[in-house]
Amino acid sequence: MTHEHAESPIVLAGEAITKKYPGVLALDQVDFAVRRGEVHGLIGENGAGKSTLMQILAGAQSPDGGVIRINGKPISFANPRKALDHGIALVYQELNLVPHMTVAENIFLGRELVSHSGFVRSADQIRQCKELLAALDETIDPCIEVGRLRVGQQQVVEIAKAIISDARVIFMDEPTSALSDHEAETLFKMIRSLRQSGVSIVYVSHKLNELLDICERITVLRDGKYVDTLDAATADRDTIVRLMVGRQLDAQYVHSPIAADAGVYLKVESLTLLDGKARRRVVDDVSFSVRIGEVFGVFGLMGAGRTEMLEALFGLHPARTSGTLTIDGVRCAIKSPAHAIRNGLGLVPEDRKHQGLVLGMSVEHNISLSVLPTMETTLLLRKGRESNLAQGFVSRFSIRTPTIAQRVGSLSGGNQQKVVLSKVLSTRPQVLMLDEPTRGIDVNAKREIYALIDQAKRGGMAVLVVSSELPELLGIADRIMVLCEGRKTGQFDRDEANEVDLLRAAVPCEAQTAALL
């Protein structure tokens, strides 16, 4: 990244920004400034205060102390709309679009072009959208419903909303967390184009390589405090990690060797899953086995069928699933998630916020959800049992929460993931399945999750880990299976696995997919 904007004027600044929640000082006199036409990275561990700072500067929250300045002048925002009126836009990690409205309707939502007679000028909106999208992604039809677009295209629509509102500073929260490599590269090109036009981007991400590649400067927060702002051209990964955690981080991945005589606990034969219309094989004749005390990795690109495979094993789609499942030597036909749990299977889903947690409920209630019958006596909930269960996992997994009564939605991503893992482990599974277990959490929280996975492995569980991050699987897995378009295209032992061979097996190719292992 070049630095032609290094001396550009500061367009947005926060001075001594402070924010308090019950029992938590989320931000402690934090300073932050972004220059015109700059891509400025913001990083820190989960709970460091990144999201809070971003939301305050974009009008979604009010600070308890400090000053916000635009072009040097102090200002306060009553809400995000007021911030947008002053050129500050926020693109959330969970995209804020209306799926059943068209692209043009979403882009102009709240800022509709209206005629003198009060009618929406739909034709003008569509024309302006076409002009704007021509510079962002000309493949997007302004008249198509947003819900029919890919996630990467939906993100383009969010950015288009900001541009049409004449935003001069755009906050992007974990913008590539759900994007393919190709979609991420398209986003980077878009960011570079916006930068050239003088738009400032605040890029919030846990992906250090992205920050070093796309940003000019990187600001590090830790425990709600400002730590340092680095020049991306001279910064390195180890320095950033050390500033984030306040110490030199030990080896990132945790891996214990598997016992040489470990027996097979889970055996899957010819697993097949049809799509919702029962026409296409989303998972196609996949066979594998997992041993006691083994971490079995599953890799594949988007659309490979990784998540669908775990869902089929967990009984989410019994009417569309076929194949043979053997658990500890006994053949099982899993008909529902409850049946899967009774047979010793546990699943940590990919989307913790929508599939793994009830965000409005407490840490305590979330952990006990899967085992409520064991908490009851004659239809009455034994509060002591529930509290003891939750407190045990909070202590065991070092979940950072003021109390077990804290609403789980207020916790950081890493601590939310620990709550999901606690909920699943409360059922005492022998087969632990994890789908993208470290997505959207910081480097230190990732290592804590790796340690918990290794702990489950050493406890004798058979562990399946689905991940799109190759270094992660190479670091923690004993064996890695590769899926491509629903089919098994490769399997590698730990000592022979490498990124080149894994990616080669993951890329669609008729010659490869015809020769299944």
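Cut-offs applied
- Residues numbered from 1 in each chain as written.
- Predicted model: local features only at pLDDT ≥ 70, side-chain atom pairs only at ≥ 80, totals over all residues.
- Heavy atoms only, no water.
- UniProt positions renumbered as here; feature names shortened; annotations may be inferred.
- Helix = DSSP H or I, 4+ residues; strand = E, 2+ residues; numbered from the N terminus.
- Rg over C-alpha atoms; globule rule 2.2 N^0.38 Å.
- Buried < 20%, exposed > 50% of the residue type's maximum accessible area, 1.4 Å probe, protein only.
- Contact = heavy atoms within 4.5 Å.
- Areas by Shrake-Rupley, 256 points an atom, 1.4 Å probe, with all protein chains shown as cover.
- Core = buried A, V, L, I, M, F, W, Y, C linked by side-chain atoms within 4.5 Å.
- Pairing = 2+ DSSP bridges.
- Axes fitted to C-alpha atoms, helices over the stretch in contact; angles between N-to-C directions.
- Phe/Tyr/Trp six-rings, centres within 6.5 Å; stacked < 30°, edge-to-face > 60°.

- Per an unreviewed UniProt entry, the protein chain is named Ribose import ATP-binding protein RbsA, and its organism is Posidoniimonas corsicana.
- Regarding the protein chain, the relevant UniProt record gives this comment under Subcellular location (unreviewed entry): "Cell membrane".

**Details of the overall build of the protein chain**
Moving on, step 1. Looking only at helices and strands, the protein chain features 18 helices and 22 strands.
Moving on, step 2. In summary, the protein chain has a C-alpha radius of gyration of 24 Å against a globular reference of 24 Å for 517 residues, a match within 12%.
Moving on, step 3. Its C-alpha atoms give the protein chain principal-axis dimensions of roughly 70 × 50 × 50 Å.
Moving on, step 4. For the protein chain, the proportion of its 517 residues judged to be buried stands at 52%.
Moving on, step 5. Considering only contacts within the protein chain whose residues lie at least 6 apart along the sequence, 67% involve residues at least 24 apart.
Moving on, step 6. Carbon together with sulfur atoms contributes 50% to the accessible area of the protein chain, which is approximately 23,100 Å² in total.

**Concerning the nonpolar core**
The nonpolar side chains of soluble globular proteins are, as a tendency, buried together.
Moving on, step 1. Within the largest apolar cluster, 51 residues are counted, with the highest numbers of intra-cluster contacts made by V103 and I170.
Moving on, step 2. A total of six residues in this core trace back to one element, the largest contributor, which is helix α6 (residues 181-196).
Moving on, step 3. What I170 contacts, discounting residues up to four positions off in sequence, is A89, V91, A162, L194, V199, S200, I201 and V202.
Moving on, step 4. Core analysis: the second largest hydrophobic core is formed by 43 residues, I367, I441, V465 and A505 among them.

**A word on the sheet that holds strand β19 (residues 431-435)**
Across a sheet, strands are paired by hydrogen bonds formed along the backbone, either parallel or antiparallel in direction.
Moving on, step 1. Read across the open sheet, the six strands follow the order β16-β19-β20-β13-β21-β22; overall the sheet is mixed. Each end of this open sheet is capped by a strand with a single partner; those strands are β16 (345-348) and β22 (487-493). Across the sheet, the mean angle from the axis of one strand to that of its neighbour is 20°, orientation sign disregarded.
Moving on, step 2. Bridge count for strand β13 (residues 294-299) against strand β21 (residues 479-484) is four bridges, and the pairing is parallel. In the sheet register, F296 faces β21, and the bridge partner there is R479.
Moving on, step 3. Its contacts with the sheet put helix α15 (residues 443-458) on β13, β19 and β20 (462-466), and the angle it makes with β20 is roughly 150°.

**Considering the packing of aromatic side chains**
Moving on, step 1. With the rule as written, the count across this model stands at three aromatic pairs.
Moving on, step 2. Ring centres 5.2 Å apart and planes at 40° place the aromatic pair Y253 and Y450 in the tilted group. Pair noted here: Y253 is in the loop between α8 (237-245) and β11 (264-274) and Y450 is in helix α15, with a separation of 197 residues, a long-range link.
Moving on, step 3. Using a relative accessible area of 28% as the deciding quantity, one classes Y253 as partly exposed.
Moving on, step 4. Geometrically, the ring pair formed by F288 and F296 is stacked, given 5.3 Å between the ring centres and 15° between the ring planes. Comparing F288 with F296, the two get one shared label, buried.

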